[in-house]
Amino acid sequence: MDEPLHIVIIAGTSREARRSIAAAKWVAAQLSKRDGVEVSFADPAEMHIPHDGDDEQDPRFTATTAKADGFYVVTPEYNHSIPGSLKRLLDSEFDNYWHKPVGTAGVSSGQWGGVRVCEALLPVYHTMGMVVIKPEMYFPKIKETFDDQGNIKPELAESYERAINKAFDELLWYARVLKVARQSTS
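Criteria and cut-off values
- Residues numbered from 1 in each chain as written.
- Predicted model: local features only at pLDDT ≥ 70, side-chain atom pairs only at ≥ 80, totals over all residues.
- Heavy atoms only, no water.
- Buried < 20%, exposed > 50% of the residue type's maximum accessible area, 1.4 Å probe, protein only.
- Helix = DSSP H or I, 4+ residues; strand = E, 2+ residues; numbered from the N terminus.
- Pairing = 2+ DSSP bridges.
- pLDDT = per-residue confidence, 0-100.
- Salt bridge = Lys/Arg side-chain N within 4 Å of Asp/Glu carboxyl O.
- Core = buried A, V, L, I, M, F, W, Y, C linked by side-chain atoms within 4.5 Å.
- Contact = heavy atoms within 4.5 Å.
- Axes fitted to C-alpha atoms, helices over the stretch in contact; angles between N-to-C directions.
- Parallel < 35°, antiparallel > 145°, perpendicular 65-115°, else oblique.
- Left-handed = near helix turned anticlockwise from the far one by under 90°.
- Nonpolar A, V, L, I, M, F, W, Y, C, P; charged D, E, K, R; others polar.
- Expected span 1.5 Å × (residues − 1).
- Right-handed = clockwise from strand over helix to strand, strands pointing away.

Enquirer: Please set out the pairing of strand β3 (residues 70–76) residue by residue, giving values where relevant.
Expert: Burial of β3 is extensive: seven of the seven residues sit out of reach of the surface. Every second residue of β3 is oriented toward a common face, with G70, Y72, V74 and P76 on one face and F71, V73 and T75 on the other, all of them buried. Pairing analysis gives five bridges linking strand β1 (residues 5–11) to β3, with the strands arranged parallel. Bridged to V8 within β3 is F71. Judged from the six bridges that link them, β3 and strand β4 (residues 101–107) form a sheet pairing that is parallel. Note on β4: the bridge partner recorded for P76 is V107.

Enquirer: Which residues make up the confidence of the model for the protein, and what values do they have?
Expert: Looking at the protein as a whole, the pLDDT averages 92, with 95% of positions reaching at least 70. Here helix α3 (residues 84–92) is the element of the protein with the lowest mean pLDDT, 89, and β1 is the one with the highest, 98.

Enquirer: Before we move on, can you summarise the pattern of salt bridges with the specific residues and values?
Expert: Within the structure shown, the criterion is met by 12 salt bridges. When the shortest N-O distance is used, the salt bridge between R182 and D69 registers 3.2 Å. Taken together, the positions of R182 in helix α7 (residues 154–185) and D69 in the loop between α2 (59–67) and β3 put the pair 113 residues apart, joining distant regions of the chain. We note a salt bridge from E158 to R162, for which the minimum N-O separation is 3.2 Å. On the criterion of helical spacing, the pair formed by E158 and R162 is a turn pair, its members being four residues apart in helix α7. Among the residues examined, E158 registers a relative accessible area of 57% and is labelled exposed.

Enquirer: Can you break down the nonpolar core residue by residue, with the values?
Expert: Formed by 31 residues in total, the largest nonpolar core has its most connected members in W26, V27, Y72, V74, M137, F139 and F146. Residue assignment for this core shows that the elements contributing at least two residues are β1, α1 (20–32), β3, β4, β6 (137–139) and α7. Each residue touching Y72, except ones within four places of it in the same chain, is listed here: V8, I9, I10, V27, G103, T104, A105, M137, I164, A167, F168 and L171. With 22 residues, the next largest nonpolar core counts I10, M47, A68 and C118 among its residues.

Enquirer: Account for the packing of α3 against helix α5 (residues 115–127), naming residues and giving values.
Expert: Packed helices, taken two at a time, are described by the angle between their axes plus the distance between the axes. At their nearest, the axes of α3 and α5 sit 11 Å apart, and the two run at 15° to each other. Classed by the angle they form, the pair α3 and α5 counts as roughly parallel. Crossing geometry of α3 relative to α5 is assigned as right-handed. Of the residues in α5, those touching α3 at L86, K87 and L90 are L121, V124 and Y125. Within the contact of α3 with α5, the residues separate by chemical class into five nonpolar, no polar and one charged.

Enquirer: Talk me through α1; I want residue IDs and the actual numbers.
Expert: Given 3.6 residues to a turn, an α-helix orients residues that are three or four positions apart in the same direction. With 13 residues, α1 extends 19 Å between its outermost C-alpha atoms, agreeing within 8% with the 18 Å of an ideal straight helix rising 1.5 Å per residue. Those residues of α1 not exposed but buried are S20, I21, A22, A23, A24, W26, V27, A28, Q30 and L31.

Enquirer: So what's going on with the pairing of strand β2 (residues 37–42)? Which residues, and what values?
Expert: Here β1 pairs with β2 via six bridges, running parallel. Paired with L5 across the two strands is V37, which belongs to β2. Between β1 and its parallel partner β2, the chain crosses via α1, and the hand of that crossover is right-handed.

Next up, the structure:
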């Protein structure tokens, strides 16, 4: 049997009152149901994130990104853009993202579901040599999507599961193909 794919789910923010963490944990739980996939969860609230490029990154995160075959970012939109903690996580491990696929789920309290943060991440991903998969996933009106315990509301679960599984199909296809390509050139 093939060695499992290692996919890292990255939570986009370390803010204390973040609602997006429920969506990130839900995405990780859904991916964990897949055979042949190892899932790691990267929560910036649980790691050292340097404030400038001169500080050393959390060594656990460096090891996780080096081992990863792909990434799925679940992030809120802050003022039409990227949370600072996510930008630092991406900037800090440039070489470990090269030629690896990435998917994105945007989260917002409004009706657009983080569409602008997904768009704002595209030039960052491209600069880092990542392969962006479609479709994006959106979690609009996050307070109406997850309850206070972080569970997706039952009446929404089936449609969100269909959407995330479509995204995972793409992510895992690219992760397999790019893993073989990286191994053949190393």
